[in-house]
Structures are given as C-alpha cells and as structure tokens.
Amino acid sequence: MKKIRNLIIGFVVGLIIGLGLGINIGKDKPLLSNPFSGPTLKQKLKKTGEGVLEKSREVLEKSGEALQKKLKK
C-alpha cells in the first residue's frame, strides 16, 4: 500500500514539474522561469511597436503604388 501511495505521489509531482517545463519550452523561455507569468511591459510595448511599424509599411507601399499609377497616366 505504501509503495502505491509513493508511486502516485511521484507521478503527480512529476506531472506538475513536467507541465511547467513543457510550457516554458513552448514559450521559448528559460526552463526554470515562472511558466504562468504574463508578458512584461517591455514585451507588450515591443509587440505593439512591431505591429504599428508593419501597418505603416503596408500603408506606405500602397500610397507609393498609387503615386506611381498617377505618374504613369
């Protein structure tokens, strides 16, 4: 009975540790960091800035194409 209890406790502890490490691996974070922490303010700002730059690039490309079409006419 004691062996079964130890086996179950070992399984549960291993599952918890494996879940945490698996989440960190999936998020490309260091293995021993907190797997449930949210993104930092710096990461949020970087992601938002990248999105703004991407949208502005698209708008500039479209406006450049429109100008080229007007010049050809």
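Calculation notes
- Residues numbered from 1 in each chain as written.
- Predicted model: local features only at pLDDT ≥ 70, side-chain atom pairs only at ≥ 80, totals over all residues.
- Heavy atoms only, no water.
- Helix = DSSP H or I, 4+ residues; strand = E, 2+ residues; numbered from the N terminus.
- Rg over C-alpha atoms; globule rule 2.2 N^0.38 Å.
- Buried < 20%, exposed > 50% of the residue type's maximum accessible area, 1.4 Å probe, protein only.
- Areas by Shrake-Rupley, 256 points an atom, 1.4 Å probe, with all protein chains shown as cover.
- Lys, Arg positive; Asp, Glu negative; His and termini not counted.
- Charge placed at Lys NZ, Arg CZ, Asp CG, Glu CD.
- Patch = residues over 30% accessible without salt bridge, like charges linked within 9 Å, V, L, I, M, F, W, Y side chains within 5 Å.
- Salt bridge = Lys/Arg side-chain N within 4 Å of Asp/Glu carboxyl O.

*Asks:* Even after reading the chapter, I still don't get the overall build of the chain, so can you show me in this structure?
*Replies:* Per the secondary structure count, the chain includes 2 helices and 0 strands. Its C-alpha atoms give the chain a radius of gyration of 25 Å, more than 25% over the compact-globule value 11 Å for 73 residues. With the C-alpha coordinates aligned to their principal axes, the bounding extent of the chain is approximately 90 × 25 × 15 Å. Looking at the chain as a whole, 4% of its 73 residues qualify as buried. Summing over all exposed atoms, the chain offers an accessible surface of approximately 7,100 Å²; the carbon and sulfur share of this is 69%. Side-chain charges in the chain split into 16 positive and 6 negative, and the spacing between the mean points of these groups amounts to 11 Å.

*Asks:* For this particular structure, what's the right way to read a positive patch on the surface?
*Replies:* Positive charge collects at one region of the surface, where K69, K70, K72 and K73 lie side by side. Note on placement: K72 falls in helix 2 (residues 41-72). Residue classification places K72 among the exposed positions, given a relative accessible area of 74%.

*Asks:* Where do I start with the pattern of salt bridges in this structure?
*Replies:* Two side chains with opposite charge may pair up if their charged atoms get near one another. One pass over the full model with this rule turns up 2 salt bridges. The partner of E61 in a salt bridge is R57, and the shortest N-O contact between them spans 2.7 Å. Taken as a pair, E61 and R57 lie in helix 2 at a separation of 4 residues, close to a single helical turn. Each of the salt bridges in this network shares a partner with another, and the network as a whole consists of E54, R57 and E61.

*Asks:* I tried to follow unusual backbone geometry on my own but got confused; where do I start?
*Replies:* Note on backbone geometry: most residues besides glycine have negative phi, and most peptide bonds are trans. Phi is positive for D28, close to 55°, though the residue is something other than glycine. Position of D28 relative to the elements: it lies in the loop between helix 1 (2-26) and helix 2. According to the relative accessible area criterion, D28 is exposed, its value standing at 71%.

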